[in-house]
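Here is how the chains run, residue by residue.
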Amino acid sequence: MTMLRKLLKNFDKKLYFNQLSLSTRLFCNQSNVPLTESKRPAIVLGIETSCDDTGCAIVNSTGTILGESLHSQLQFHNKCGGINPPIAQEFHRKHIEPVVTESLSRANLSVNDVDAIAVASRPGLTMSLVVGVRYAKHLARKYRKPLIPIHHMEAHALMARLENQSKLNFPFLCLLASGGHCLLAMVKSVNDFSLLGEATDGSPGECFDKAARVIGLTNLPEYSESSGGRAIELEAYKATNADRFVFPSPLNDGRNCQFSFSGLKSAAITTVQDLQKSAQIEPDQLIPHHEDFCAGFLKATTKHIMRKTQRAIQYCERKGFFGFGANTKPRSLVFSGGVGCNDFIFRALSEMASEFGYKTFRPPKRLCTDNGVMIAWNGIERWIDNDQVYRELDIDSVTPLDRQPFRTNLVEDVERKNIQCTWIKVPSMQSNRLVMT
Ligand code: KG4
Ligand code: ZN
């Protein structure tokens, strides 16, 4: 009898939550915060496993982070000289459950209390994505919650709205730069992204990581837990002669917004090899004047990123994406992805963009790199729009994808416009010491 009562109780509970999920409608309070039927802000649990970070967070529709947890594999991959997908998958498998449990306990909530589960399902390393997607599906089925598959790059872009909901409205231009990507996109709404340009080879993050390794920075104990990009940035601020090493700025001639990083990477490797030969030092020893090397390398990368972004701004103006005349909207540029942590690049972009009347936003640094908060927040934005929210049997159709293009591709249109730009200069490196954090 007790058993039967227990079963009935559990059955009712499941039915109740199922109905709640299916019938959840959103209302807004006076300050425009979306609320569920029970008149509380909507809550989404987000899971991120697209590369080498296992992240989870619980975020509500007021933009409050209720609980979060992140396990980074950086220290391990730093030692191995790069990411090994099967090993990354093993780490995700080991950490996914503890990371989700920790976020829930920090939020003082159970999965029953959340309205939906969001998960990064594309693009990324398939072997990594699959761990998060499987776990999210398991939670969605077990707790009868809707599942929201999230585009990792869109999540980086929308992250900037979490703290700036009132100031950062659609449309906006965004530059996403990380270890796997570099792209410029016009964002018209939560699910309307148009690609203006992307990296045809490599990425700035990968370039920084490689350069940090070849000049011997990653062997220094102070950078054992730091990304190559951060190590290069901090050493660059110590430079005494930022012009000692001059690196070529790639693809200057193409009147497009396409990026290329392989030339910069090879230039870094060749310069280091020459230095090692002339100074007779071993390959893993720190090169002489490494601070100046970092400054020169950061400047060249910044110049390339800045110029492509300037062309993107001028293209947006030509196309009237922010309206013309009386209907003109505020111009915003978002800088996000791991490379978004870089203060020098952020300052250079902000100064250039302000010349065109654009205000530049970026998420707090810890939320520029991969994390669960960005997935949960994108989940909230989609939940509010009731866009791509998968329920019941539809959940099975959610699968990881290593690539997925944005809705519209304007890369060729940018090239056709043949926009000639008068370049805004890269700021001087020295003064950035003041904003170093
Ligand atoms: O977005 P993210 O965490 O992961 C990917 O999706 O790739 O970005 C990681 C990348 C790494 O390549 C790292 O070197 C770079 O972001 N990064 C930086 C800085 N902090 C992290 N690059 C330049 N300056 C930084 N301060
Ligand atoms: Zn990322």
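Scroll up a little and you will see the structure.
All values derive from a computational prediction rather than experimental measurement. (Residues numbered from 1 in each chain as written. Chains lettered and ligands numbered in written order. Predicted model: local features only at pLDDT ≥ 70, side-chain atom pairs only at ≥ 80, totals over all residues. Heavy atoms only, no water.)

**Some details on the coordination of the zinc ion (ligand 2)**
Move 1: For the zinc ion (ligand 2), the full set of protein donor atoms is His-152 (NE2), His-156 (NE2) and Asp-370 (OD), at a range of 2.1 to 2.2 Å.
Move 2: In this structure, the zinc ion (ligand 2) is surrounded by four donor atoms whose angles at the metal cover 90 to 155 degrees, and the resulting shape is irregular.
Move 3: All donors of the zinc ion (ligand 2) come from a single chain, and their spacing in sequence reads H-x3-H-x213-D. One end of the pair, His-152, is in helix H5 (residues 152–158); the other, Asp-370, is in the loop between strand E12 (358–361) and helix H11 (372–385), with 218 residues separating them in the sequence.
Move 4: We classify His-152 as buried; its relative accessible area is 5%. (Donors = N, O, S within 2.8 Å, 3.2 Å for Na, K, Ca; no water. Tetrahedral: all angles 85-135°; square planar, octahedral: opposite > 155°, others 65-115°. Helix = DSSP H or I, 4+ residues; strand = E, 2+ residues; numbered from the N terminus. Buried < 20%, exposed > 50% of the residue type's maximum accessible area, 1.4 Å probe, protein only.)

**Some words on the pairing of strand E9 (residues 182–189)**
Move 1: Among the eight residues in E9, six count as buried, and that is most of the element.
Move 2: Counting the residues in the hairpin turn of strand E8 (residues 172–177) and E9 gives four residues.
Move 3: As paired strands, E9 and strand E10 (residues 192–198) are joined by six bridges and run antiparallel to one another. For Ala-185, the partnering residue across the bridge sits in E10 and is Leu-195. (Pairing = 2+ DSSP bridges.)

**Structural notes on the pattern of salt bridges**
Move 1: Per the counting criterion, the structure on display carries 20 salt bridges.
Move 2: A salt bridge links Asp-243 to Lys-299; the shortest N-O distance between them is 2.8 Å. Separated by 56 residues along the polypeptide, Asp-243 in the loop between helix H7 (228–236) and helix H8 (262–279) and Lys-299 in helix H9 (residues 290–319) bring together distant segments of the chain.
Move 3: One salt bridge in this structure joins Arg-382 and Asp-387, with 2.3 Å as the shortest N-O distance. In terms of burial, Arg-382 and Asp-387 fall into one category: buried. (Salt bridge = Lys/Arg side-chain N within 4 Å of Asp/Glu carboxyl O.)

None of the figures reported here should be taken as evidence of function without further support.
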